[in-house]
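A closer look at the structure
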Amino acid sequence: MYEKRMIKNSIKWVLTALLIMTVFMLSSCVRETSEKKFESLDDFNGCTIGVDKESAYIPLLEERYPDSDIIPYNDYSDIIYACGTGKIDAFVADEPNMVWYLEEDPRLGYLPDSLCGFKYGFMFPKTEEGKKLRDEFNIFLHELSESGELTGIINGWTDDFDKVFEININELPDTNGRLTFATSTENGVFDYLRNGEFVGADMDIAAHFCQRMGYAMDVVDVAFAALPATLRGRADFCGAALPITEERSKAFLFSDPYLDGNVVMGALGSRIKGWNVEADELPFFERVADEFQNTFIKDNRWKMFLVGIGNTLLITLSAIVLGTVLGFVLFLLNRKGVRVIGIIEGKLSDLIERIPVVIILMIFFYIIFGRSDISGVLVSTIGFTVIFAVSIYDIISSGIESIDNGQEEAAYSLGFSEKDTLLLILLPQAIQKSSGAVKSAMVSLIQGTAIVGYIAVQDLTRVSDLIRGQTYEAFFPVIATALIYYFLSLFLTFIINHIGLKFNPEKRGRRDILEGVNEHD
C-alpha cells in the first residue's frame, strides 16, 4: 500500500513539473503582432500601445495616435512583459526609466525622438502644513540645484543603476521631527528596492532634504494608484517620477520641477529600424536558470518572499483566531437576547457581501484609521478579523439552527444547564456539520489577503509585483506566489480537518465519547 502511494505521488509531481515547464515555454514565446518596422514616431499610428493606467500620457497618446489601440496596464512590469511577448507593439515611458527597462530586458529598444516633455516634481497635500513643507522643500531644491548636487544625484542614478546609497535613512536625526515619505517602487531608476532597501533618485533627493532640514524619515511603499490616498493623512510628501499636470495640481501641491523629462516610445529592438539588438536567445535551460537567478538569488530577493509569507501568515492566522473569538462572542450575545448584535451583524454581512474587500480595507486604512499611525499590517488584521467574525457568526448560527430542537429540550430535561447544552451538545454538532463552510471561509480569507498591497503591506502578491517590476519577468514570481498560496491553503485545510475529527462521532473512540461519564453508575 505504501509503495503504491509513493508511486502515485511521484507520478503526480512529475506531471506537475511537466505542466510548469510547458507553461514556461509558452510564456517565453514571442508573438509579434505585425512585421511593421518603426523608423519615426508617426509609424506607431495604428499599432497597439501599452501605457500605465495612472500615467499622464493617455490623453496625449489618444490625440497623437487616433488609429492606435491604447491599452492601460496596472504597472510597467506588465507593460514590459506584454511588449516582450508580442501582446502589444509598443509602449511609452520617460527616457531615464526607458534606459532602465532596456538594461533589464535587452530585447527592447526605443526611438530617441521625444514624444513630449514633462516636468517632474514632488507632491504635497493641499493643507497649511503641506504648503509650509512644500515651500521649505523648494528652497532646498533651489540650493541643491545651484550647488550642482541635484544634477549629480539624478545623473548618478541614471548612469549607475548599482549606485551606493550614501545616506542611512534609519539614522537621520529628528531635530525638527519626523516626516513620512510615500513612494512606489514601481518606477525604475527613480524608486526601487535593492537588497530590501529603498533606493533611487527620488529617494535620494528626499533623504538629502530630510538630512539638511533635520527631519527623521519614514518611508511607506504603496501601489502607484494608492499614492494620492496615502498623501491624504498618512504621508507628508511623496515622489515617484510624478509629472506635474494641471489636473493633479488642482488636488495637490507640487514642488518646483527638479527634472525635465522626455517621453519616448519603446518596442522590441528587432522592430526598430537601425537598432542593434544585442540580446541573443538563450537555450531553454539557461533561460530557466537565468530567470530563476533574477527572481530569487539576485539582490537576495528570496528574502522578500520570506517577508511576504510572514506578513500573509501573520494577517491570516491573527484574523482567524481573533475573528473566531469575536464571531463566537457576538453569537453568544445575540443568543442571550442582545438583539442589536443580530441587527449589526446583518448590516455588516450585507456590506461585506456587496462591497469588494479591497474597498473595505481602503476604508479602514485611509478613512477610519487615516489619521493614526497604525501600520498596514495591523489595519489589515483588523479588517479581516471583522470579515471573518461575520462569517463565523453566520456559520455557527446556521449550524445550530440545523440541529433538531428536540435535542436541546432533551438536554434540559436531563438537567443540563444552558451553557453545557450549548458547549457539549449543540456546538460540537454544529462544528461537525459546518466544517466545509469553515474551510471555505479560511481559504477565502487567505486568498483575500492578496489585496493588502493596496494599503502599504508587503504581502506575497505585493512581493510578486515588486520583483516583476524589477526583473520584468513574470513566470517565476507568479508561479512561486501561486504555489505558496496553494500550500498555505492546504496547510489551513489540514488543520481544520484535524480539528473536525475531534467532533465527528464516527471518528471518535470510546474513551473520547464517554469522557466525563461514569460508566459504573
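A brief structural summary. Remember, predicted model here, so these are calculated numbers, not experimental data.

Quick notes on the rules
- Residues numbered from 1 in each chain as written.
- Predicted model: local features only at pLDDT ≥ 70, side-chain atom pairs only at ≥ 80, totals over all residues.
- Heavy atoms only, no water.
- Phe/Tyr/Trp six-rings, centres within 6.5 Å; stacked < 30°, edge-to-face > 60°.
- Helix = DSSP H or I, 4+ residues; strand = E, 2+ residues; numbered from the N terminus.
- Buried < 20%, exposed > 50% of the residue type's maximum accessible area, 1.4 Å probe, protein only.
- Lys NZ or Arg CZ within 6 Å of the ring centre and 35° of its normal.
- Pairing = 2+ DSSP bridges.
- Patch = residues over 30% accessible without salt bridge, like charges linked within 9 Å, V, L, I, M, F, W, Y side chains within 5 Å.
- Areas by Shrake-Rupley, 256 points an atom, 1.4 Å probe, with all protein chains shown as cover.
- Salt bridge = Lys/Arg side-chain N within 4 Å of Asp/Glu carboxyl O.
- Lys, Arg positive; Asp, Glu negative; His and termini not counted.
- Charge placed at Lys NZ, Arg CZ, Asp CG, Glu CD.
- 1 Å grid on protein atoms, 1.4 Å probe; cavity = no way out; pocket = protein on both sides within 12 Å on 5 of 7 lines; lining within 4 Å.
- Points joined across faces, edges and corners; volume = space filled by probe spheres on them.
- Core = buried A, V, L, I, M, F, W, Y, C linked by side-chain atoms within 4.5 Å.
- Axes fitted to C-alpha atoms, helices over the stretch in contact; angles between N-to-C directions.
- Left-handed = near helix turned anticlockwise from the far one by under 90°.
- Contact = heavy atoms within 4.5 Å.
- Nonpolar A, V, L, I, M, F, W, Y, C, P; charged D, E, K, R; others polar.

A closer look at the packing of aromatic side chains
According to the stated counting rule, one finds 29 aromatic pairs in the structure shown. For the ring pair F122 and F137, a centre distance of 4.8 Å and an interplane angle of 50° mean the geometry is tilted. Of this pair, F122 sits in strand β4 (residues 108–124) while F137 sits in helix α5 (residues 128–147), placing them 15 residues apart in sequence. Ring centres of F292 and F476 lie 5.6 Å apart, and the angle between their planes is 85°; on these two criteria the pair is classed as edge-to-face. A residue pair is termed long-range when its members are at least 10 positions apart, and F292 in helix α10 (residues 284–297) and F476 in helix α19 (residues 475–503) qualify at 184 residues. Since its relative accessible area comes to 40%, F292 is described here as partly exposed. For F476, a relative accessible area of 14% corresponds to the buried category. Following the ring pairs from residue to residue traces out a cluster consisting of F122, F124, F137, F140, F181, F209, Y215, F237 and Y258. Directly above the aromatic system of F365 lies the positively charged group of R234, at a separation of 3.7 Å from the ring centroid.

Observations concerning the pairing of strand β11 (residues 259–268)
Burial analysis of β11 places eight of its 10 residues in the buried class, which makes it a mostly covered element. One ladder, built from five bridges, connects strand β3 (residues 90–94) with β11; its direction is antiparallel. Bridge pairing in β11 links D94 to V263. Note that β4 and β11 share nine bridges and pair antiparallel. Within β11, the position partnered with L108 by the bridge is L268.

Focus on unusual backbone geometry
Even without being glycine, A241 reaches a positive phi, approximately 50°. Mapped onto the elements, A241 comes out in strand β9 (residues 237–243).

With respect to a negative patch on the surface
On the surface, a cluster of negative charge is contributed by E103, D159, D160 and D162. With respect to the helices and strands, D159 occurs in helix α6 (residues 149–159). Assessed through its relative accessible area of 67%, D159 is described here as exposed.

Some thoughts on the layout of surface pockets
Here the largest pocket defines a volume of roughly 1000 Å³. Every residue lining the largest pocket is counted, 40 residues in all, and those nearest its centre are T180, D218, V220, R234 and A235. Of all the elements in the fold, those that place two or more residues in the lining of the largest pocket are α5, β5 (178–183), β8 (216–221), α8 (227–231), α11 (302–335), α14 (376–401) and α18 (460–471).

Here we look at the nonpolar core
F44, F91, I205, F209, F237, Y258 and M265 are the most contacted members of the largest nonpolar core, which totals 77 residues. For this core, the element with the most residues is β4, which contributes nine residues.

Structural notes on the packing of α11 against helix α17 (residues 435–448)
Where α11 meets α17, the closest approach of the two axes is 9 Å, and the angle between their N-to-C directions is 145°. Where α11 crosses over α17, the two elements pack in a sense that is right-handed. Contacts between α11 and α17 involve T312, T316, A319 and I320 on the former and, on the latter, M442, L445 and I446. Class assignment of the residues belonging to the contact of α11 with α17 gives a composition of five nonpolar, two polar and no charged.

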